[in-house]
Amino acid sequence: MIPLSEIQDARRIILNDAIRTPLVRLNVDSAPAEIYLKLENLQPIGSFKIRGAANAIARLPAERLERGVVTASAGNMAQGVAWCARRLGIPCTVIAPATAPETKINAIERLGGRVIKVAFDEWWRAFAERSYPGVDGAFIHAFDDAAVMAGNGTIALEILEDLADPDAIVIPWGGGGLTCGIASAMRQLRPSCRIFTAEVSTAAPLAASWAAGVPTEVDYEPSWLDGIGAKAVFPRMFERARSLIDGTLVADLSSVAAALRLMVQHNHIIAEGAGACPVACSLAGKAGTGRVVCIVSGGNIDTTKLVRILS
């Protein structure tokens, strides 16, 4: 568990990079719960990732940053790291999977990041080794980093200021840094609140690991939903999650697409698939009744994909 004091410190540290995002009610009367949306898609880079990236980079000594920063990311963490690197005037290198959407790659490059595309397994290895051969700089891990999780945990502080007693929070699970950051704060401030993760059925390693009781590898199927989903869970993140969350939820691609369309039509909100996944799970009643907060983690969806889904 990330100490509450570190999450509170992170809020002060990231003040000039991340905005305080609104919490709004989902405009659907027939939902099985009173669903609220935490709109991280409104961050300057279109994703919550700026919170963890800003906190982690700010805590590094100047000498560690002289050669720049490096991260492994499919797009959103890369944009957060590149945003902070540009502000500091230091180089940023991103190791991205070959399947990363061009929309996110273009956004990284607009922010000044250098992108190296590699095979999926090679990209996954960069997470484990916290480096990439031939690339120098301070490695900023997208999820398995206490400072990153503390930055993500600031989301929980804002939620509780706007909704004092949520019954449940549903958080998209990618690597686990968002979940473990938010859950750390909630367990210390509102331990009665139920915490669930949301995954897509084409890539749900946490659900499989949760059922098995040990980290379990699954068949990974790439899809238009690129912000979450992997073939495995990092063992250390799995152990953190087991002590922090109440369960895992899974939605299929069609229900995530339907949730995305509903958010556009009823709330005029554009989310990427990862951000719509918690909403899909909550609309299906999987998070229970009462006041359910869905973390809309980002809105960086390729416009061509969005048009196809909406039509």
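Look a little higher up for the structure.
Everything numeric in this text was worked out from a predicted model, so none of it was measured.

Quick notes on the rules
- Residues numbered from 1 in each chain as written.
- Predicted model: local features only at pLDDT ≥ 70, side-chain atom pairs only at ≥ 80, totals over all residues.
- Heavy atoms only, no water.
- Pairing = 2+ DSSP bridges.
- Helix = DSSP H or I, 4+ residues; strand = E, 2+ residues; numbered from the N terminus.
- Axes fitted to C-alpha atoms, helices over the stretch in contact; angles between N-to-C directions.
- Contact = heavy atoms within 4.5 Å.
- Left-handed = near helix turned anticlockwise from the far one by under 90°.
- Phe/Tyr/Trp six-rings, centres within 6.5 Å; stacked < 30°, edge-to-face > 60°.
- Buried < 20%, exposed > 50% of the residue type's maximum accessible area, 1.4 Å probe, protein only.
- Lys NZ or Arg CZ within 6 Å of the ring centre and 35° of its normal.

Caption draft 1: Structural detail: the sheet that holds strand β10 (residues 291-296). Read from one edge to the other, the open sheet built from 6 strands follows the order β1-β2-β10-β7-β8-β9, with strand pairing classed as mixed. Strands with a single pairing partner mark the edges of an open sheet, and in this sheet they are β1 (23-25) and β9 (247-251). Between one strand axis and the next, the sheet turns through 30 degrees on average, direction left out of account. Across 3 bridges, the pairing between β1 and strand β2 (residues 34-39) is antiparallel. Across the sheet, residue Val-24 finds its bridge partner in β2, namely Leu-37. Relative to the sheet, helix α9 (residues 205-212) contacts β8 (194-200) and β9, its axis offset from that of β9 by approximately 135 degrees. Taken strand by strand, helix α11 (residues 253-267) contacts β1, β2, β8, β9 and β10, and its axis lies near 85 degrees from that of β9.

Caption draft 2: Region of the structure containing the packing of helix α8 (residues 177-189) against helix α10 (residues 235-244). Contact geometry for α8 and α10: axes closest at 10 Å, N-to-C directions at 35 degrees. Crossing of α8 against α10: the hand is left-handed. The segment α8 lies against α10, with Gly-177, Cys-180, Ala-183, Ser-184 and Arg-187 engaging Met-237, Arg-240, Ala-241 and Leu-244.

Caption draft 3: Spotlight on the packing of aromatic side chains. Counted under the stated rule, the structure contains 10 aromatic pairs. Pairing Phe-120 with Tyr-220 gives two aromatic rings, centres 4.8 Å apart and planes at 25 degrees, and the pair type is stacked. Taken as a pair, Phe-120 in helix α6 (residues 120-129) and Tyr-220 in the loop between α9 and α10 lie far apart in primary sequence, 100 residues in all. Given a relative accessible area of 17%, Phe-120 falls into the buried group. An angle of 35 degrees between the planes, with centres 5.4 Å apart, marks the rings of Phe-127 and Phe-143 as tilted. In this pair, Phe-127 is assigned in helix α6 and Phe-143 in the loop between β6 (138-139) and α7 (146-162), connecting sequence segments 16 residues apart. A residue is classified by how much of its surface remains accessible, and Phe-127, at 4% relative accessible area, is buried. Each member of the aromatic cluster is reached from another via a ring pair, and the members are Phe-120, Trp-123, Trp-124, Phe-127, Phe-143, Tyr-220 and Phe-234. If you follow Arg-25 out to its NZ or CZ, it ends over the ring of Tyr-36, 5.9 Å from the centre. Over the ring of Trp-83 we find Arg-86, and its NZ or CZ is 5.5 Å from the ring centre.

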